[in-house]
Amino acid sequence: MLIFNGSVFMPSVLTLIGIPGLESVQCWIGIPFCIMYLTAVIGNSLILVIIKYENSLHKPMYIFLAMLGATDIALSTCILPKMLGVFWFHLPEISFEACLLQMWLIHSFQATESGVLLAMALDRYVAICDPLRHATVFSQQILTYVGVGVTLRAAILVAPSIVLIKCHLKLYRTTIISHSYCEHMAIVKLAIEDIQINKIYGLFVAFTILGFDIICITLSYLQIFITVFRLPQKEARFKAFNTCIAHICVFLQFYLLAFFSFFTHRFGSHIPPCVHILLSNLYLLVPPFLNPIVYGVKTKQIRDHVLKIFFSKKTS
């Protein structure tokens, strides 16, 4: 690592400071974060096991739910271990390459989760608006293509941001990242060179993935609501709408947190840095934590199997 007039040329090690301004209480903040992580891993793993071994749940809706659970486990695991290392064990150093890898994984899994939510919305759209074609549209082969497609879309679109950092940014004013994980803009802002192209590409990826997905999901649910309210029987309307409640809850909490974090980070210059970092952390940790709870409570098939597992263990 070479230093020129206070600047650093291609640093080999970066330092994560956690939550700026709250360093003295980070050990306490780590406790609820750890609880959320354990709940996310256990809850999503339980859903994955239930869907895998229960043949009646081998349907598109539950397969997409399994994809969402696997993505949530991977996303939270990319963040929490290192974050707790910073909070609890005073291990802030991370190699430059490992930091870029964490950044790529985090943003890729975020984009993958958005793609899975879009697939779930389209699944509900076809199931309610065109039920006779549902089995054809969402065949096993199509499900495989969707899973591979949303993963590749995320990985390929996020990858150039790493290349732009490695090839375009050489000199850094500091090696200290004012964040608790390696986030794209937090790394880019360390550089001395012009970062306009990095900012533009970051916005391009955000609007290409999240913007496209939000528009398609919103249009899907608008059409679903129109179709449901046209049903003649009240019971049929309630049954059709009930199959979407869990999806709508997950969709709203994921994208509302995303937008709130995004706009406060981009335009909330008067907001203290610790608030920005806490919002960023919650944006990544709350969905994996809440998703298994929402689906466990609102989806009868999942809820029944969870109760069956615990009831069987208790009686045995």
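- Going by an unreviewed UniProt entry, the protein chain carries the name Olfactory receptor and comes from Ceratotherium simum simum.
- One UniProt comment on the protein chain, placed under Sequence similarities (unreviewed entry), says "Belongs to the G-protein coupled receptor 1 family."
- We quote the UniProt Function (unreviewed entry) comment for the protein chain here in full: "Putative odorant or sperm cell receptor."

## A word on the state of the cysteines
Linking two cysteines covalently via their sulfur atoms produces the bond known as a disulfide.
Part 1 of the argument: One pass over the full model with this rule turns up one disulfide.
Part 2 of the argument: The disulfide partner of C99 is C182, and the S-S distance across this bridge is 1.9 Å. Where C99 bonds to C182 through sulfur, the torsion about that S-S bond is close to -115°, and the disulfide is left-handed. Placement of the pair is C99 in helix α3 (residues 96-129) and C182 in the loop between β6 (176-177) and α6 (184-188), with a sequence separation of 83 residues.
Part 3 of the argument: Here C27 is not disulfide-linked; the sulfur of C34 is the nearest cysteine sulfur, at 13 Å.
Part 4 of the argument: Take C27: its relative accessible area is 35%, and that puts it in the partly exposed class.
Part 5 of the argument: Its sulfur unpaired, C216 is 14 Å from the next cysteine sulfur, which belongs to C129.

## Notes on a nonpolar patch on the surface
Part 1 of the argument: Together, V25, W28, I31, I35, W88, F89 and L91 make up an exposed nonpolar region whose accessible area comes to about 710 Å².
Part 2 of the argument: Those elements that place two or more of their residues in the nonpolar patch are α1 (26-53) and α2 (60-89).
Part 3 of the argument: Top element by residues in the nonpolar patch is α1. It accounts for three residues.
Part 4 of the argument: With respect to the helices and strands, the residue W88 is situated in helix α2.
Part 5 of the argument: Look at W88 and you get partly exposed, because its relative accessible area is 31%.

Calculation rules
- Residues numbered from 1 in each chain as written.
- Predicted model: local features only at pLDDT ≥ 70, side-chain atom pairs only at ≥ 80, totals over all residues.
- Heavy atoms only, no water.
- UniProt positions renumbered as here; feature names shortened; annotations may be inferred.
- Disulfide = S-S within 2.5 Å.
- Helix = DSSP H or I, 4+ residues; strand = E, 2+ residues; numbered from the N terminus.
- Buried < 20%, exposed > 50% of the residue type's maximum accessible area, 1.4 Å probe, protein only.
- Patch = residues over 30% accessible without salt bridge, like charges linked within 9 Å, V, L, I, M, F, W, Y side chains within 5 Å.
- Areas by Shrake-Rupley, 256 points an atom, 1.4 Å probe, with all protein chains shown as cover.
- Salt bridge = Lys/Arg side-chain N within 4 Å of Asp/Glu carboxyl O.

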